[in-house]
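# Results of the structural survey
Chain by chain, the residues:
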Amino acid sequence: MADEQSKKRGLQDDMAVAIQNKRAALTATSNPLASSPSEQDLYIKLICPASIAGLIIGKSGTTIGNLNRTTGAKIQVSQNQDVYPGTTDKVIVVNGNRECIGVALKELVTLIGEAPSRRGPGGKPLMDANGNPMTPPNKTAEGDFVISVLIPKMASGILIGKQGIVVKEMSANSNCKMQLGDNKDLYMTGERAFIVSSPTVPSLVLGVHAVMMQLMSDQRVRIYANKTVVYANTGGPMGGGGS
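Read on for an overview of the structure. (Residues numbered from 1 in each chain as written. Predicted model: local features only at pLDDT ≥ 70, side-chain atom pairs only at ≥ 80, totals over all residues. Heavy atoms only, no water.)

The next point concerns the overall build of the protein. Helix and strand content of the protein: seven helices and six strands. Reading the helices (α) and strands (β) of the protein from amino to carboxyl end gives α-β-α-α-β-β-α-β-α-α-β-β-α. Here the protein holds 243 residues, and the buried ones make up 39% of them. Counted over contacts in the protein with a minimum sequence separation of 6, partners at least 24 positions apart contribute 65%. On the protein, roughly 13900 Å² of surface is accessible, and the fraction owed to carbon and sulfur atoms is 55%. (Helix = DSSP H or I, 4+ residues; strand = E, 2+ residues; numbered from the N terminus. Buried < 20%, exposed > 50% of the residue type's maximum accessible area, 1.4 Å probe, protein only. Contact = heavy atoms within 4.5 Å. Areas by Shrake-Rupley, 256 points an atom, 1.4 Å probe, with all protein chains shown as cover.)

Set out below in structure tokens:
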């Protein structure tokens with residue numbers, strides 16, 4: 001009798017393990033992206049005004065080092081004379097899974113949005129050639145906070161949607177204005193700016209996060225030809241590959 005009960009318990013244990021394995025297999029099948037290696041190696045890029053990039057890096061790289069540790073993402077910022085082609089702006093590349101990138105973007109967008117405006121002698125606002133106060137690089141002429149997300153050109157369609165339905169929904173949900181930048185791509189970067197602006201920094205964060213989620217929703221268009229912060233001076237981007 002004892003042997004029979006032991007065999008019965010063993011059979012029940014085997015069945016339980018089999019059921020558990022089957023459920024795990026079904027879960028993986030229904031959500032194949034959950035464990036996909038490419039989902040752990042995603043990218044997104046931001047444009048950062050050169051005058052603000054130092055705040056992201058910090059003294060001796062302290063700030064960016066802390067951001068990498070606390071967010072779990074890998075963050076890179078253009079160094080020295082490297083800029084985005086045709087501008088004086090720096091490029092920020094964020095690499096990781098969606099969760100880590102989302103946390104990193106919140107910190108980065110907040111730092112950029114809340115960066116103090118540069119001042120002249122005596123704390124006076126800097127003036128342009130016409131004697132008018134210069135617009136801070138993290139704000140629009142109307143005073144809204146602004147940031148540009150660099151997207152693969154092929155992703156433009158999914159961020160706008162048919163008859164603009166996607167961009168309208170993202171704008172409404174985040175209280176942001178959103179628009180595509182110039183499509184000329186004179187330097188053959190394969191990228192395009194997606195401009196997000198808002199009256200407040202928290203809503204700017206929401207807007208950029210919405211762009212990130214929409215961009216990463218389609219494996220076919222989220223691939224950057226250049227996953228680095230380095231670009232050739234007059235040609236295409238340096239680097240390659242994709243996720």
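Having seen it, we continue.
To continue, consider the environment of serine 198. Tracing the backbone shows serine 198 in strand 6 (residues 191-198). Sequence-wise, serine 198 and threonine 140 are 58 residues apart; in three dimensions their C-alpha atoms are separated by 9.2 Å. Beyond its immediate chain neighbours, meaning those up to four positions away, serine 198 contacts Asp144, Phe145, Asn175, Cys176, Ser203 and Leu204.

A few words on the nonpolar core. As a rule of thumb, nonpolar side chains are buried together in soluble globular proteins. Counting residues in hydrophobic clusters, the biggest one holds 54 residues, and the most contacted among them are Ile44, Ile92, Val94, Phe194 and Val196. Phenylalanine 194 has contacts with Ile147, Ser148, Val149, Ile151, Leu159, Ile160, Val167, Met170, Met178, Gln179, Leu180 and Val211, leaving out every residue within four places of it along the chain. (Core = buried A, V, L, I, M, F, W, Y, C linked by side-chain atoms within 4.5 Å.)

This part is about the pairing of strand 6. Judged by how many residues are buried, strand 6 sits mostly within the fold: seven of eight residues are covered. With eight bridges joining them, strand 4 (residues 145-152) and strand 6 adopt antiparallel strand pairing. In the sheet register, valine 149 faces strand 6, and the bridge partner there is phenylalanine 194. (Pairing = 2+ DSSP bridges.)

Along helix 2 (residues 50-57), the residues that are buried comprise Ile52, Ala53 and Ile56. Projected down its long axis, helix 2 shows its buried positions confined to an angular sector of 115°, all on one face. Tucked inside the fold, the buried residues of helix 2 contact strand 1 (42-48), helix 3 (62-71), strand 2 (74-77), strand 3 (90-96) and helix 4 (98-113). Residue glycine 58 follows helix 2 closely and has a positive phi angle near 80°. (Arc of directions from axis to C-beta.)

Turning our eyes to something else, we now look at helix 7 (residues 201-215). Under the 1.5 Å per step criterion, the end-to-end length of helix 7 is 21 Å for 15 residues, consistent within 8% with the ideal 21 Å. Every buried residue belonging to helix 7 is among Val201, Ser203, Leu204, Val205, Gly207, Val208, Val211, Met212 and Leu215, and all of these are buried. (Expected span 1.5 Å × (residues − 1).)

What follows is about the packing of helix 4 against helix 7. Packing of helix 4 against helix 7 brings their axes to within 9 Å, and their N-to-C directions diverge by 145°. Classified by chirality, the crossing of helix 7 by helix 4 is right-handed. In this structure, helix 4 contributes Arg98, Ile101, Gly102, Leu105, Lys106, Val109, Thr110 and Gly113 to the contact, and helix 7 contributes Val201, Leu204, Val205, Val208, His209, Met212 and Met213. Its residues assigned to classes, the contact of helix 4 with helix 7 shows nine nonpolar, four polar and two charged. (Axes fitted to C-alpha atoms, helices over the stretch in contact; angles between N-to-C directions. Left-handed = near helix turned anticlockwise from the far one by under 90°. Nonpolar A, V, L, I, M, F, W, Y, C, P; charged D, E, K, R; others polar.)

Note that serine 174 resides in helix 6 (residues 165-174). Dropping the residues within four chain positions of it, serine 174 is found in contact with Ser203, Leu206 and Gly207.

Another aspect to go through is the sheet that holds strand 2. Taking strand neighbours across the sheet as the criterion, the six strands line up as 2-3-1-4-6-5 in an open arrangement whose pairing is antiparallel. Edge positions in the sheet fall to strand 2 and strand 5 (177-180), since each of these pairs with one other strand and no more. For this sheet, the mean angle separating the axes of adjacent strands, direction not counted, is 25°. Strands strand 1, strand 4, strand 5 and strand 6 of the sheet are contacted by helix 7, whose axis makes an angle of about 10° with strand 4.

Further remarks concern the packing of helix 2 against helix 3. With their axes 5 Å apart at the nearest point, helix 2 and helix 3 run at an angle of 60° to one another. Relative to helix 3, the element helix 2 is oriented oblique. On helix 3, the residues touching Leu55, Ile56 and Ile57 of helix 2 are Thr62, Thr63, Ile64 and Leu67. Tallied by class, residues from the contact of helix 2 with helix 3 come to five nonpolar, two polar and no charged. (Parallel < 35°, antiparallel > 145°, perpendicular 65-115°, else oblique.)

Our next topic: the pairing of strand 3. Consecutive residues of a regular strand have side chains that alternate between opposite faces of the sheet. Of all seven residues in strand 3, seven are buried, a share of seventy percent or more. Both faces of strand 3 are covered, namely the face carrying Lys90, Ile92, Val94 and Gly96 and the face carrying Val91, Val93 and Asn95. Summarising the sheet, strand 1 and strand 3 pair through seven bridges and their orientation is antiparallel. Bridge pairing links tyrosine 43 to asparagine 95 in strand 3. Taken together, the four bridges between strand 2 and strand 3 define a ladder with antiparallel strand orientation. Each residue of the ladder has a partner; that of glutamine 76, found in strand 3, is valine 93.

In short, the description is geometric, and any link to function would need to be established separately.
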